[in-house]
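Spelled out, the chains give:
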Amino acid sequence: MGFKYNRVILKISGEVLGGEKEGLDSEVFKYLSQEIISVYKLGLKIGIVIGGGNIIRGNITDWFNRIDADLCGMVGTIINGIILSSLLKERKVDVYLRSNLEVKGVVPRFNLLEDKILYDRGAVMIFVGGTGSPLFTTDTAAAIKACEMNADLLIKGTKVEGVFSDDPFKTKNVRFYHRIKFQEVIDKNLKVMDASAFNICKEANIPICVYNLMKYPLKKIIAGERIGTLIT
């Protein structure tokens, strides 16, 4: 199998990690670790940015302060990252967990110069803690990491097939886009990811692939097969 992309950042939605419910689904974590290992063994460069929506979503928590809720969400991503890192270490993967939110004694803080060397070497990098600041989503954190690691593709793994003209769970007869341009997404106001994340990738000319993470092999996405939606 030939590969179109050699340096990727995979954004894993926290909602995926809970399976069909909130919380932690062990089978989902095990499946994702196998997917990551399949790419790692090929010598491709892969970094993972993890959401925390399976534990808490700061932007929809309205019964306490939003800033504090976002901090809880960032801690949630660290929990998810520790679990995924543990599973990969058990399989003898060269993996490093790094956080933009400092938690001394738990996870080292992200260091661009040092961690890019590890990424370039072929180590699996798991990035947690969001951007390290409240009010920014893990989508934005993933877009920033894609730029920092000089990735040639940002992959957004979700529960849906890709990008639609409207919410496929709420609207009938929606259009599915296999390929679409950045500007067309803006003109049609399609909900791919938050605006700051999308614009970072647009300005850096980093394509985005949105696909159903639990349905299709990650290797096929990196090979450039016609799966999900590719935004260029």
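Preceding this section is the structure that the text describes.
What counts, and where the lines are drawn
- Residues numbered from 1 in each chain as written.
- Predicted model: local features only at pLDDT ≥ 70, side-chain atom pairs only at ≥ 80, totals over all residues.
- Heavy atoms only, no water.
- Helix = DSSP H or I, 4+ residues; strand = E, 2+ residues; numbered from the N terminus.
- Rg over C-alpha atoms; globule rule 2.2 N^0.38 Å.
- Buried < 20%, exposed > 50% of the residue type's maximum accessible area, 1.4 Å probe, protein only.
- Contact = heavy atoms within 4.5 Å.
- Lys, Arg positive; Asp, Glu negative; His and termini not counted.
- Charge placed at Lys NZ, Arg CZ, Asp CG, Glu CD.
- Arc of directions from axis to C-beta.
- Axes fitted to C-alpha atoms, helices over the stretch in contact; angles between N-to-C directions.
- Parallel < 35°, antiparallel > 145°, perpendicular 65-115°, else oblique.
- Left-handed = near helix turned anticlockwise from the far one by under 90°.
- Nonpolar A, V, L, I, M, F, W, Y, C, P; charged D, E, K, R; others polar.
- Patch = residues over 30% accessible without salt bridge, like charges linked within 9 Å, V, L, I, M, F, W, Y side chains within 5 Å.
- Areas by Shrake-Rupley, 256 points an atom, 1.4 Å probe, with all protein chains shown as cover.
- Salt bridge = Lys/Arg side-chain N within 4 Å of Asp/Glu carboxyl O.
- Pairing = 2+ DSSP bridges.

A.B. asks: Before we move on, could you go through the overall build of the chain and cite the residues and values that matter?
C.D. replies: Each helix and strand counted, the chain has eight helices and 10 strands in total. Computed over C-alpha atoms, the radius of gyration of the chain comes to 17 Å, within 12% of the 17 Å expected from 2.2 N^0.38 for 232 residues, which places it in the range of a compact globule. Here the C-alpha coordinates of the chain stretch approximately 50 × 50 × 35 Å along the principal axes. Evaluated residue by residue, the chain yields a buried proportion of 51% over its 232 residues. The long-range fraction of contacts in the chain, counting pairs at least 24 apart against all pairs at least 6 apart in sequence, stands at 74%. Averaged over its 32 positive side-chain charges, the chain has a centre that lies 5 Å from the centre of its 26 negative ones.

A.B. asks: Tell me about helix α7 (residues 195–204), and please be specific about residues and values.
C.D. replies: Among all positions of α7, only A197, F198 and C201 are buried. Down the axis of α7, the buried side of the element spans an arc of 95 degrees, and every buried residue falls inside it. Exposed side of α7, more than 90 degrees from the buried face: A195 and E203 are the residues found there. Those residues of α7 that are buried lie in contact with α5 (138–148), β5 (153–158), α6 (182–188), β9 (208–212) and β10 (229–231).

A.B. asks: Which residues make up the side chain of N54, and what values go with them?
C.D. replies: Within the secondary structure, N54 sits in the loop between β2 (45–50) and α3 (66–90). Ignoring anything within four residues of it in the chain, the contact list for N54 reads G14, E15, L17, G18, E22, G23, L24 and N80.

A.B. asks: Go over the packing of helix α2 (residues 26–40) against α3, please, and point to the residues and values.
C.D. replies: Across the interface, α2 lies against α3 with an axial gap of 10 Å and an inter-helix angle of 60 degrees. Looking at the two axes, α2 sits oblique to α3. Seen along the crossing, α2 lies across α3 with a hand that is right-handed. Residues F29, K30, S33, I36 and I37 of α2 touch α3, and the partners they reach there are N80, I83, L84, L87 and L88. Residue composition of the contact of α2 with α3, grouped by class: seven nonpolar, two polar and one charged.

A.B. asks: Give a description of a nonpolar patch on the surface that names residues and reports values.
C.D. replies: Together, L24, I55, V75 and I79 make up a nonpolar patch on the protein surface, roughly 300 Å² of accessible area in all. Relative to the assigned elements, I79 resides in helix α3.

A.B. asks: A description of the sheet that holds β5 should follow, citing residues and the corresponding values.
C.D. replies: Read from one edge to the other, the open sheet built from eight strands follows the order β3-β4-β2-β1-β5-β9-β10-β8, with strand pairing classed as mixed. Each of the sheet's edge strands pairs with one partner strand only, and the pair in question is β3 (95–99) and β8 (179–180).

A.B. asks: Let's hear about the environment of I155: which residues, and what values?
C.D. replies: On the secondary structure map, I155 appears in strand β5. According to the relative accessible area criterion, I155 is buried, its value standing at 0%. Filtering out sequence-adjacent residues up to four positions away, I155 remains in contact with V8, I9, L10, K11, C209, Y211, L218, I221 and I222.

A.B. asks: Can you break down the packing of α5 against α7 residue by residue, with the values?
C.D. replies: Running from N to C, α5 and α7 cross one another at 20 degrees; their axes reach a closest spacing of 7 Å. Classified by the angle their axes make, α5 and α7 are roughly parallel. Of the two possible hands of crossing, α5 and α7 adopt the one that is left-handed. For the pair α5 and α7, the contacting residues are D139, T140, A143, I144 and C147 in the first and S196, A197, I200, C201 and A204 in the second.

A.B. asks: Quick rundown of the environment of I46? Include the residues and the values.
C.D. replies: Along the chain, I46 turns up in strand β2. Classification of I46 by relative accessible area gives buried; the value is 1%. Separated by 79 residues in the primary sequence, I46 and M125 place their C-alpha atoms 6.8 Å from one another. For I46, the contacting residues outside a window of four places in its chain are V8, V39, Y119, A123, V124, M125 and L218.

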